[in-house]
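Descriptive structure summary
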Amino acid sequence: MVRILVIAAGAIIALAGLVYLIKLMILRFGGVRIMAEVVSAREPKQGYYVHKLRFEHNGKIVEKDDSTGYSQPFSVGEQLEIICSKSNPEKFEYVGALKKNMIIATVMIVMSILIVLRFMFAVTDDELM
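Residues numbered from 1 in each chain as written. Predicted model: local features only at pLDDT ≥ 70, side-chain atom pairs only at ≥ 80, totals over all residues. Heavy atoms only, no water.

What to know about the overall build of the protein
- Helix and strand counts for the protein stand at 3 helices and 5 strands.
- Its helices and strands in sequence order give the protein the pattern α-β-β-β-β-β-α-α, from N to C terminus.
- Against the globule reference of 14 Å for 129 residues, the protein gives a C-alpha radius of gyration of 20 Å, more extended than a compact globule.
- The C-alpha extent of the protein, read off along each of the three principal axes, is 60 × 35 × 15 Å.
- Counted over contacts in the protein with a minimum sequence separation of 6, partners at least 24 positions apart contribute 59%.
- Within the structure as shown, the protein displays about 8,400 Å² of accessible surface, and the carbon and sulfur contribution to it stands at 63%.
- Of the side-chain charges in the protein, 15 are positive and 13 negative, and the distance between the mean point of each set is 5 Å. (Helix = DSSP H or I, 4+ residues; strand = E, 2+ residues; numbered from the N terminus. Rg over C-alpha atoms; globule rule 2.2 N^0.38 Å. Contact = heavy atoms within 4.5 Å. Areas by Shrake-Rupley, 256 points an atom, 1.4 Å probe, with all protein chains shown as cover. Lys, Arg positive; Asp, Glu negative; His and termini not counted. Charge placed at Lys NZ, Arg CZ, Asp CG, Glu CD.)

What follows is the structure, encoded as structure tokens:
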């Protein structure tokens, strides 16, 4: 029974990671690279900074808060590269954070698949007791 629960949990985590990775890949390969300027930085929680960015999207100037949440603030006026959805300027991510999140999601998927395979083929119910 424990074996089946671990296999199910691993499969669910792998599936969730795959959905997240697909969303990131859609943004990465279907989005537009834009230079954004940091307009302000605020600290809503101790050690968590939110930045307001200004960038041009489809001929319009957009000012939007990021959702990444860094532990160190960016300097006001700093230029950062973002990838923005072609249709929705609300959906954007820093290029560096997007790459890092894609790597983390891939590692999570691989580790989950390895756990599933291990418990499917290399662990018996007798070994768990």
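Here the narrative resumes, following the displayed structure.
A look at the side chain of His57
- Along the polypeptide, His57 turns up in strand β2 (residues 48–57).
- You can call His57 buried: its relative accessible area is 6%.
- Among the polar contacts made by the side chain of His57, one reaches the main-chain carbonyl oxygen of Ser85 at a distance of 2.8 Å.
- The contact partners of His57, leaving out residues within four places of it in the chain, are Ile34, Val62, Cys84, Ser85, Lys86, Ser87, Asn88 and Pro89. (Buried < 20%, exposed > 50% of the residue type's maximum accessible area, 1.4 Å probe, protein only. Polar contact = N/O pair within 3.5 Å; in protein donor to acceptor, adjacent residues only side chain to side chain.)

Structural notes on the sheet that holds strand β3 (residues 60–65)
- The 5 strands lie next to each other as β3-β2-β1-β4-β5, forming an open sheet whose pairing is antiparallel. Both outer strands of the open sheet, β3 and β5 (92–94), are each paired with one neighbouring strand and no more. Each strand of the sheet is rotated relative to its neighbour by a mean of 40°, with strand direction disregarded.
- By the bridge criterion, 6 bridges tie strand β1 (residues 32–45) to β2 in an arrangement that is antiparallel. The partner of Ala41 across the bridge, within β2, is His51.
- The strands that helix α2 (residues 95–121) touches are β1, β4 (79–84) and β5; relative to β5, the one it contacts most, it runs at about 90°. (Pairing = 2+ DSSP bridges. Axes fitted to C-alpha atoms, helices over the stretch in contact; angles between N-to-C directions.)

A look at the pairing of β4
- Pairing between β1 and β4: 6 bridges, direction antiparallel. What sits directly across from Val32, in β4, is Cys84.

Focus: helix α1 (residues 2–30)
- With 29 residues, α1 should reach 42 Å at 1.5 Å per residue; the first-to-last C-alpha distance of 41 Å fits that figure.
- Those residues of α1 that sit buried are Ile7, Gly10, Ala14, Gly17, Leu21, Leu24 and Leu27.
- Buried residues along α1 sit against β4, β5 and α2. (Expected span 1.5 Å × (residues − 1).)

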